[in-house]
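Architecture at a glance
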Amino acid sequence: MAPNRSPNRTNDKTALIVHPDMTVMSSLQSAFVKNEITAIVARDLPTALLAITQHFFDVVVVSSRISEEGDGWTLGGVLRLVFPKAFVMMIAPGTDLMSLKNAINHGVDEVLEGTASPEQIVSTALRSASVAGKSPTTPKERIQ
């Protein structure tokens, strides 16, 4: 759960990456750092919960399956409550109707296919209001 900072950071944006696969997590961490966003990583729920108590997050990327199927959705919902202005993304095996329903029910801003590259995920985050500098405060403002 160590932060990885770019040496010449020009902003104070921080991302939380929660994924059980170390390779995916490391690739995402590198992609965020290349874009001058501090990346905090967690491979399991206890580590993610610890990070939530110690940092403020502008962007969150969570796997829909951390230790068992669907537990990432619950964590995404908790992160929405704790960081209401953060851009919350879920990496799911597919963007079927159930995934979209879970996203709505848990306040997730974006559902990404498991095949999305780290660069695509960071690009999506960079376009979000949370990173771009705008701060939506209501769900209605988030979708506009």
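For the structure itself, consult the block above.
Residues numbered from 1 in each chain as written. Predicted model: local features only at pLDDT ≥ 70, side-chain atom pairs only at ≥ 80, totals over all residues. Heavy atoms only, no water.

Observations concerning the packing of helix H1 (residues 22-34) against helix H5 (residues 118-126)
The N-to-C vectors of H1 and H5 enclose an angle of 45°; their axes lie 9 Å apart at closest approach. As far as their axial angle goes, H5 and H1 are oblique. In terms of crossing hand, the pair formed by H1 and H5 is right-handed. Residues Ser 27, Leu 28, Ala 31 and Phe 32 of H1 lie in contact with H5, whose contacting residues are Pro 118, Ile 121, Val 122 and Ala 125. A breakdown of the residues in the contact of H1 with H5 according to their chemical character gives seven nonpolar, one polar and no charged. (Axes fitted to C-alpha atoms, helices over the stretch in contact; angles between N-to-C directions. Helix = DSSP H or I, 4+ residues; strand = E, 2+ residues; numbered from the N terminus. Parallel < 35°, antiparallel > 145°, perpendicular 65-115°, else oblique. Left-handed = near helix turned anticlockwise from the far one by under 90°. Contact = heavy atoms within 4.5 Å. Nonpolar A, V, L, I, M, F, W, Y, C, P; charged D, E, K, R; others polar.)

A short note on the side chain of Asp 71
As for its position among the elements, Asp 71 is in helix H3 (residues 71-82). For the buried Asp 71, which has no salt bridge, the nearest side chain bearing the opposite charge is Arg 65, at an N-O separation of 6.8 Å. Side-chain polar atoms of Asp 71 contact the backbone nitrogen of Glu 68, separated by 3.1 Å. Asp 71 has contacts with Leu 45, Ser 64, Arg 65 and Ile 66, leaving out every residue within four places of it along the chain. (Buried < 20%, exposed > 50% of the residue type's maximum accessible area, 1.4 Å probe, protein only. Lys, Arg positive; Asp, Glu negative; His and termini not counted. Salt bridge = Lys/Arg side-chain N within 4 Å of Asp/Glu carboxyl O. Polar contact = N/O pair within 3.5 Å; in protein donor to acceptor, adjacent residues only side chain to side chain.)

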